[in-house]
Every structure is written in structure tokens, then in C-alpha cells.
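Listed below, chain by chain, are the residues.
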Amino acid sequence: MISSATPAPTIVDRLSAPHHGPVPFSVEFFPPKDAEAEARLWRAVRTFERLGPAFVSMTYGAGGSTRDRTVRITGELAAQTTLLPVAHLTAVNHSVDELRALVGAYADQGITNLLALRGDPPGNPLGEWIKHPDGVEYAEDLVRLIRELGDFHVGVASFPEGHHRAPDLEHDTRALVNKLRAGAEYSITQMFFDVEHYLRLRDRLVAADPEQGAKPLIPGLMPITSLATVRRMAELSGSVIPDDVQQRFAVAAGDGPQENREAVRAVGIDFATEMAQRLVAEGVPCLHFCSLNFAKATSEVLERLGVDVRSAMPAATATPAS
Ligand SMILES: Cc1cc2nc3c(=O)[nH]c(=O)nc-3n(C[C@H](O)[C@H](O)[C@H](O)COP(=O)(O)OP(=O)(O)OC[C@H]3O[C@@H](n4cnc5c(N)ncnc54)[C@H](O)[C@@H]3O)c2cc1C
């Protein structure tokens, strides 16, 4: 059994704790590549710290490529900030022994909230999935492994449009139910650009298993600040950008050789705010923002949702960093 000296609060507890604004929010970061990117991450971290997210999460690079950085920076978030970190952990390319060691490394740093993922094959995320000979096949198995190791609190991924490897939505919903039955306490969705996809997943989940369907289904949002970036992210994640939304961005981008970044960004903030408002009205438990390690766009959306962003900023930096 692995135990942590100082067990952290759970995500489910945090979602029912007092929060700023109409609903709790959380933020996803990724491990920065170099010192400059790391400085930018920390500026964003300090800005978000003042805004009081329910939790923050740190991704695990494709194919396990950022293992050491993910572990180190998640540990620093736990030790040096007031934020509650969730560490993403992927099964790809890891033996069960390595996965156990990683969970132990997190516990040593007081990190007991983990997001259990299968991960994608390194190189080409859409390429053939090959299980590590001594590893696990599905995220469901990783949930069980982590839970057997000690008093950890586990979340999983969910896919409003279905996972790209799932033959159909029913199969994918069953896979999610199985991960929750295995002991996951909540799920965070893949980002999506049509709220209907989220609502239909929520309905499918509740219909498939009311008990598991009552667990928090946290929608993942990404405020779009560049058309090129969002097209790439959508391609990698398999999320579809509806035609009318693409059209809105295309008009903003203009037909010059370079997209009009300022206009695209303005539409992106409007669009993310509209999605967030609809999701709040639909009673979501939390809004999870993929920040790309910048605080500004998410802060603007939060401000429009009624979070008092200005008073959370120190006087000298009334404008959120980056
Ligand atoms: C919120 C979020 C965070 C993410 N963070 C990261 C990250 O940090 N690093 C990273 O590399 N990737 C990350 N990903 C991507 C994720 O690893 C990939 O999408 C991966 O392909 C699927 O992971 P999973 O955990 O959902 O896998 P699984 O739940 O194992 O599902 C994989 C496929 O198998 C099917 N399936 C599941 N269980 C069964 C079963 N028992 N029998 C038959 N079929 C089954 C599912 O329908 C699906 O098609 C994230 C995704 C999300 C939504």
C-alpha cells in the first residue's frame, strides 16, 4: 500500500466547496519545454491562484514523453502554491511496475488526485494502440491499479462525441460507465464546440447507469485565440467544430495572408462565454479550461461569467498576466 503523508482534499469535495462566480472552475496546464515557457506557466499559475480554481491539472506528454517534468511541476504546484493539483497519468509505454513507481512518486509529494488515462501511441495519436507487454490495456485497468495502491482519488476522461477508437457512442458510454464503476469519482470531457454533444453524453450516461451518471461530468472548454491552433487541436482530439462556428471564425480571420488574430480572439472569447453560460444554465458541476498555460483568455471568460477578476488581481497588475 502506498500512502501519502498529507492526503489532499478530493476533487468531489472541492466541487461542493464555496467558490467565486456561478460555478466552480478548474484549469489544465501542460509541462513547459524550456525555462522561458516555464516562466510563462508560473505567471499563469499565480494569476489563477488568485482566482481560486477548484483544482488545476497537469497533462502527461504524449507517449509518456514528459514524465519527469510532469511529476516535478505537479509536485511544485502542490508544494509552492495554494492550488489543488491533479496529475494526469497515462498507461501508454509503461509497465505496471513503472506505473506503481509513478503513483508512489506522486504520493511522496502529497498528490493523491490522479486522472487515469490510457494515452495515445507516441508519434501518431491516431496510430495503432499497442499495449506495453507488462502494462495495462484500458484506462479502466489503470483506475483499478491506482485504487488498489492506496487512498487515491481518481478521475477519468470522457468523450462527448465518442472516442475516436470506439465503434459507436453506446460502446464508448459503456467504457465510461466501466471506468466510473472501477472507482473513478468524476470525469473530465474532451473539449467540444457544441454544447449539445455534452448534454447528450450526460443523458446517455444517466440512462446507462443512474448511479455512475450522478458523478460529476466536467466539461472541458478551450477559449479559442487562434484559428490555426484550434484547427490543430480539434484535429488531434477528434472534436468537430460546427460549420456555423467555423464560419464565425472564418469571417473574423478575414481573407488576408495572416489571420486577424485580434478579431479571432474576440470571437473566441465571445464563443467560449456563450458555451460556458449555457453549460452553467444546464447545471454543470464545474468548467474545466484548457489554458495552454496562459491566464488571460480564461480570465476574460470568467470575468464575463461574473467572477470578480479585477479584485482578485494585485493593484499593480490589474490586467491578468499573458
Ligand atoms: C480530459 C482529458 C485529458 C487528457 N489528458 C491526456 C494527457 O495528459 N496525456 C495524454 O497522452 N493523453 C491525454 N488525453 C487523451 C487520452 O489519453 C486519449 O484520448 C486516449 O486515446 C484515450 O484515453 P482513455 O483514458 O479515455 O482510454 P480508455 O478509456 O481506455 O478508452 C480507449 C478506447 O477503448 C475503448 N474501451 C475502453 N474500455 C474498453 C473495454 N473494456 N473494452 C473494449 N473497449 C474499451 C474506449 O471506448 C476507447 O475507444 C486526455 C483526454 C482527455 C479527455
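How each quantity is defined
Residues numbered from 1 in each chain as written. Predicted model: local features only at pLDDT ≥ 70, side-chain atom pairs only at ≥ 80, totals over all residues. Helix = DSSP H or I, 4+ residues; strand = E, 2+ residues; numbered from the N terminus. Buried ≥ 20, exposed ≤ 12 C-beta atoms within 10 Å, placed from the backbone. Contact = placed C-beta atoms within 7 Å. Pairing = 2+ DSSP bridges. Right-handed = clockwise from strand over helix to strand, strands pointing away. Near = placed C-beta within 6 Å. Nonpolar A, V, L, I, M, F, W, Y, C, P; charged D, E, K, R; others polar. Axes fitted to C-alpha atoms, helices over the stretch in contact; angles between N-to-C directions. pLDDT = per-residue confidence, 0-100.

Colleague: Before we move on, can you summarise the overall build of the protein with the specific residues and values?
Modeller: When its secondary structure is counted, the protein shows 13 helices and 8 strands. Along the first, second and third principal axes, the C-alpha atoms of the protein reach 55 × 45 × 40 Å. Among the 322 residues that make up the protein, the fraction classed as buried is 42%. Taking the intrachain contacts of the protein between residues at least 6 apart in sequence as the baseline, contacts between residues at least 24 apart amount to 81%.

Colleague: Any chance you could break down the pairing of strand E4 (residues 113–117) for me, citing the residues and the numbers?
Modeller: Successive residues of a regular strand alternate their side chains across the two faces of the sheet. Burial analysis of E4 places 5 of its 5 residues in the buried class, which makes it a mostly covered element. The sheet contact formed by strand E3 (residues 85–90) and E4 spans 4 bridges and is parallel. Its bridge partner being in E4, Ala-87 is matched across the sheet by Leu-114. Between the parallel pair E3 and E4, the chain is carried across by helix H4 (residues 96–108), and the sense of this crossover is right-handed. Here E4 runs beside strand E5 (residues 153–158); their pairing, made up of 4 bridges, is parallel. Looking at E5, one finds that Leu-114 is bridged to Val-154. Remark: the E4/helix H5 (residues 139–149)/E5 crossover connection has right-handed handedness.

Colleague: How would you explain the site of the ligand if you had to name every residue and give the values?
Modeller: What surrounds the ligand is a group of 24 residues, the closest being Thr-59, His-88, Arg-118, Ala-139 and Ala-157. For the shell around the ligand, the secondary-structure elements that each account for two or more residues are E3, H5, helix H6 (169–181) and strand E6 (186–191). By residue number, the principal contributor to the shell around the ligand is H6, which donates 5 residues. When grouped by side-chain class, the residues that make up the shell around the ligand number 9 nonpolar, 9 polar and 6 charged.

Colleague: Before we move on, could you go through unusual backbone geometry and cite the residues and values that matter?
Modeller: The phi dihedral of Asn-93 falls on the positive side, at around 65°, and the residue is not glycine. Here Asn-93 shows up in the loop between E3 and H4. Taking the C-beta count within 10 Å as the criterion, Asn-93 has 18 such neighbours and is therefore assigned partly exposed.

Colleague: I'd love a proper account of the environment of Phe-289, names of residues and values included.
Modeller: Among the structural elements, Phe-289 can be located in strand E8 (residues 287–290). Measuring from C-alpha to C-alpha, the distance between Phe-289 and Glu-28 comes to 6.0 Å, with 261 residues separating the pair along the chain. Setting aside chain neighbours within four positions, we find Phe-289 in contact with Phe-25, Val-27, Glu-28, Leu-221 and Thr-298.

Colleague: Go over the sheet that holds E3, please, and point to the residues and values.
Modeller: Taken in spatial order, the 8 strands line up as E1-E2-E3-E4-E5-E6-E7-E8 and close into a barrel, and their pairing is parallel. Across the sheet, the axes of successive neighbouring strands diverge by a mean angle of 30°, strand direction being ignored. Where E5 and E6 come together, 4 bridges link them in parallel fashion. The residue of E6 that forms the bridge with Gly-155 is Tyr-186.

Colleague: Please give an account of the confidence of the model for the protein that cites residues and values.
Modeller: Of all residues in the protein, 95% attain a pLDDT of 70 or more, and the chain-wide mean is 92. Below a pLDDT of 50 lies the segment residues 316–322, which in the model reaches 18 contacts outside its immediate sequence neighbourhood of four places, other chains included.

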